[in-house]
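Survey of secondary and tertiary structure
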Amino acid sequence: MAKPTLFIDGEHGTTGLQIRERMADRQDVEILHIAHGDRHDVSKRRELLNEADFAILCLPDAAAREAVAMIESDTRIIDTSTAHRVAEGWTYGFAEALPGQRDRIASSNHVSNPGCYSTGAIGLLAPLVAAKLVPADYPICINAVSGYTGGGKAMIAQMENAKAENHIAQSHFLYALSLAHKHVPEIIDRAGLARKPIFSPAVARFPQGMAVQIPLHMDMTNAKGRSELHSALAKHYNGQSIVRVASLDETNGAARLAGEAFAGTDTMELHVCGNDEQVNLVALLDNLGKGASGAAVQNLDIMIGR
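Residues numbered from 1 in each chain as written. Predicted model: local features only at pLDDT ≥ 70, side-chain atom pairs only at ≥ 80, totals over all residues. Heavy atoms only, no water.

Before going further, it helps to spend a moment on the side chain of Asp79. You can see Asp79 is positioned in strand β4 (residues 76–79). Salt bridges are absent for the buried Asp79, whose nearest opposite-charge side chain, Arg85, sits at 7.1 Å. Leaving out residues up to four positions away in the same chain, Asp79 has contacts with Leu57, Ala64, His84, Trp90, Val111, Ser112 and Asn113. (Helix = DSSP H or I, 4+ residues; strand = E, 2+ residues; numbered from the N terminus. Buried < 20%, exposed > 50% of the residue type's maximum accessible area, 1.4 Å probe, protein only. Lys, Arg positive; Asp, Glu negative; His and termini not counted. Salt bridge = Lys/Arg side-chain N within 4 Å of Asp/Glu carboxyl O. Contact = heavy atoms within 4.5 Å.)

Structure representation (structure tokens):
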């Protein structure tokens, strides 16, 4: 049987390069490459997009929509942009988020990769909202910090250049201060929320990693205590290899939780911190691992049947 072929459209960008590295030693998939100088050649991209069995789009939103429109064959698509995360006809590529989602991904021709922040927030919220322990209309606040690689090549250059203007001032900063961020619609949709959350993201000077925090007042939830929230998450992710829920003993014994804890891995670890009055739900992951490139390769493997 012939190997399935894969074209990474945008393979020279941050996410695309990571996917290339992950696929470099794979013998079960044939990678179709485009030369760096031809990456903007529409005719060559169109040819490869239609030739491949699978295409992973690592492009800005508008370019991703254009790429999808170029495909006239049976090419199966994984889109890492925001363009199709709440679009009709697209399967959300978070295999662990909902019962049966892995099977839906396996049979889909159009899979949208989750956002990095969204993966942490949805991973924490979706099981608790589905179990009705956190009301859908709870006034959710999400605080998160990401490694700077999520900002692309320009931010990477700025953060890694000690002589750059405002180098120290830019070592940790908040953004999306208008409270309008492109990940919010998918968090609402995929977590089952009935009220728009307040989402406050930040970037810090570490390359890869992420910490997503969601504080809760327990008297505004339907949970009897912190342990009930923890049990619901542990039950939901029981048996999963990529998403794990830290035990309460592990969390209680942790003096700190580091955003870089899972840099370079595809693991996402969930913690239920706090007490029976106030809880802080925390997700730790790699913004380029389970938050981007790692998730894309995971979805590819599911679609291949690996």
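Back to the text.
Read across the sheet, seven strands follow the order β8-β9-β7-β10-β13-β12-β11 without closing on themselves; strand pairing throughout is mixed. In this open sheet, the two edge strands, each paired with only one partner strand, are β8 (172–174) and β11 (243–245). The mean angle between the axes of side-by-side strands here comes to 20°, regardless of whether they run parallel or antiparallel. Sheet topology places strand β7 (residues 141–147) next to strand β9 (residues 198–204); seven bridges connect them, and they run parallel. Across the sheet, the residue bridging to Ser146 is Val203, located in β9. (Pairing = 2+ DSSP bridges. Axes fitted to C-alpha atoms, helices over the stretch in contact; angles between N-to-C directions.)

This part takes up the pattern of salt bridges. A full pass over the atoms with the stated rule returns 13 salt bridges. Between Arg306 and Asp301 there is a salt bridge, and its shortest N-O distance comes to 3.5 Å. Judged by relative accessible area, which is 13%, Asp301 ranks as buried. Here the salt bridges do not stand alone but share partners, grouping Arg26, Asp28, Asp301 and Arg306 into one network.

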